[in-house]
Amino acid sequence: MHPTFNPRKLSVLNFAKAQSRLEGVEPLAQLDRLHEFQQAGGEASEVHFQVRGEMRTTSAGALAPWLVLSANTRLTLVCQRCLRPVEEEVAFERAFRFVPSEAQAEIEDEEAEEDVLVLSPDFDLLELVEDELLMDLPAAPKHAVCPQPVKLRVADADYEEPEEKPNPFAALAGLKIPKG
């Protein structure tokens with residue numbers, strides 16, 4: 001019989017030692033910070049996640065707990081070209097190594113290829129899922145082809161184009177004496 005683990009209060013060390021796996025679906029509305037990006041009128045979305053725990057040997061020869069985590073969701077964002085809703089798939093897959101203290105995490109995170117986090121007996125896995133999805137949001141979401149042509153120029157009704165001024169160097173070209 002495999003132990004059951006709560007993703008909101010995950011004992012990372014026990015999860016990794018048991019080499020457990022956990023899959024779940026969380027309503028987007030339960031992840032407040034991520035839900036703020038969902039545009040009104042967008043479909044009710046879900047966040048799908050998978051995690052597996054494992055113990056790996058570090059370069060120092062000690063065993064350390066790891067989580068290999070992936071998640072995905074669909075969000076309705078605002079297209080930065082046409083300002084209309086655009087559906088975007090947001091997903092990630094990353095490995096996280098856990099260390100006993102914040103000080104050690106700060107030191108090792110700078111040089112490690114993987115993300116280094118602090119070991120906790122009641123780690124909130126869904127908060128980590130939310131953090132990682134937020135970091136993977138597109139900086140400027142946009143349609144591949146906007147559903148309506150984009151108006152590229154906007155002007156006030158009483159706006160007049162400025163008169164085109166002659167190039168001052170054009171007059172100098174006329175003063176040039178032909179060689180000959």
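This text gives an overview of the structure that appears in the document. (Residues numbered from 1 in each chain as written. Predicted model: local features only at pLDDT ≥ 70, side-chain atom pairs only at ≥ 80, totals over all residues. Heavy atoms only, no water.)

Details of the overall build of the protein chain
- Each helix and strand in the protein chain was counted, giving five helices and five strands.
- Here the C-alpha radius of gyration of the protein chain, 27 Å, is well above what a compact globule of 180 residues would show, namely 16 Å.
- Taking the principal axes of its C-alpha atoms as reference, the protein chain extends roughly 95 × 50 × 25 Å.
- Looking at the protein chain as a whole, 33% of its 180 residues are labelled buried. (Helix = DSSP H or I, 4+ residues; strand = E, 2+ residues; numbered from the N terminus. Rg over C-alpha atoms; globule rule 2.2 N^0.38 Å. Buried < 20%, exposed > 50% of the residue type's maximum accessible area, 1.4 Å probe, protein only.)

Comments concerning a nonpolar patch on the surface
- The grouping of Phe-169, Leu-172 and Leu-175 at the surface amounts to a nonpolar patch, some 380 Å² of accessible area in total.
- Relative to the helices and strands, Phe-169 is located in helix H5 (residues 168–174).
- Classification of Phe-169 as exposed rests on a relative accessible area of 62%. (Patch = residues over 30% accessible without salt bridge, like charges linked within 9 Å, V, L, I, M, F, W, Y side chains within 5 Å. Areas by Shrake-Rupley, 256 points an atom, 1.4 Å probe, with all protein chains shown as cover. Salt bridge = Lys/Arg side-chain N within 4 Å of Asp/Glu carboxyl O.)

Some words on unusual backbone geometry
- Even without being glycine, Gln-19 reaches a positive phi, approximately 50°.
- The topology assignment puts Gln-19 in the loop between helix H1 (12–17) and strand E1 (21–27).
- Its identity is not glycine, yet Leu-83 carries a phi of approximately 65°, on the positive side.
- Mapped onto the elements of the fold, Leu-83 is located in the loop between strand E3 (63–78) and strand E4 (85–99).
- Note on Leu-83: relative accessible area 63%, which makes it exposed.

Observations concerning the pairing of E3
- Within E3, 12 of the 16 residues are buried, which leaves the element mostly enclosed by the surrounding structure.
- Two elements, strand E2 (residues 46–57) and E3, share 10 bridges in a ladder whose sense is antiparallel. In the sheet register, His-48 faces E3, and the bridge partner there is Asn-72.
- Linkage of E2 to E3, two consecutive antiparallel strands, is achieved through a turn of five residues, within which Gly-61 is found at a positive phi near 90°.
- Where E3 meets E4, 13 bridges bridge the pair, whose relative direction is antiparallel. Considered in E4, the bridge of Ala-71 is made with Phe-92.
- Two successive antiparallel strands, E3 and E4, enclose a turn made up of six residues, where Leu-83 displays a positive phi of approximately 65°. (Pairing = 2+ DSSP bridges.)

Section: the nonpolar core
- With 31 residues, the main nonpolar core has Leu-34, Leu-67, Leu-69, Leu-125 and Leu-133 as its most contacted residues.
- Of all elements in the fold, only H1, E2, E3, E4 and helix H4 (125–135) reach the threshold of two or more residues within this core.
- In contact with Leu-125, not counting residues within four places along its chain, are Pro-7, Leu-10, Leu-22, Phe-49, Val-51, Leu-67 and Leu-69. (Core = buried A, V, L, I, M, F, W, Y, C linked by side-chain atoms within 4.5 Å. Contact = heavy atoms within 4.5 Å.)

Quick notes on the pattern of salt bridges
- If you walk through the whole model with that rule in mind, you get 11 salt bridges.
- In this structure, the salt-bridge partner of Asp-131 is Arg-33, at a minimum N-O distance of 2.6 Å. Here Asp-131 is found in helix H4, whereas its partner Arg-33 is found in helix H2 (residues 32–35), with 98 residues between them in sequence.
- Here Glu-114 and Arg-97 are joined by a salt bridge, their closest N and O atoms 2.6 Å apart. Residue Glu-114 is located in the loop between helix H3 (102–111) and strand E5 (115–118), and its partner Arg-97 is located in strand E4; the two are separated by 17 residues in the primary sequence.
- Residue Glu-114 is classed as buried on the basis of its relative accessible area, which comes to 19%.

Concerning the side chain of Ser-120
- Position of Ser-120 among the secondary structure elements: in the loop between E5 and H4.
- Note on Ser-120: relative accessible area 19%, which makes it buried.
- Side-chain polar atoms of Ser-120 contact the side chain of Asp-122, separated by 3.1 Å. (Polar contact = N/O pair within 3.5 Å; in protein donor to acceptor, adjacent residues only side chain to side chain.)

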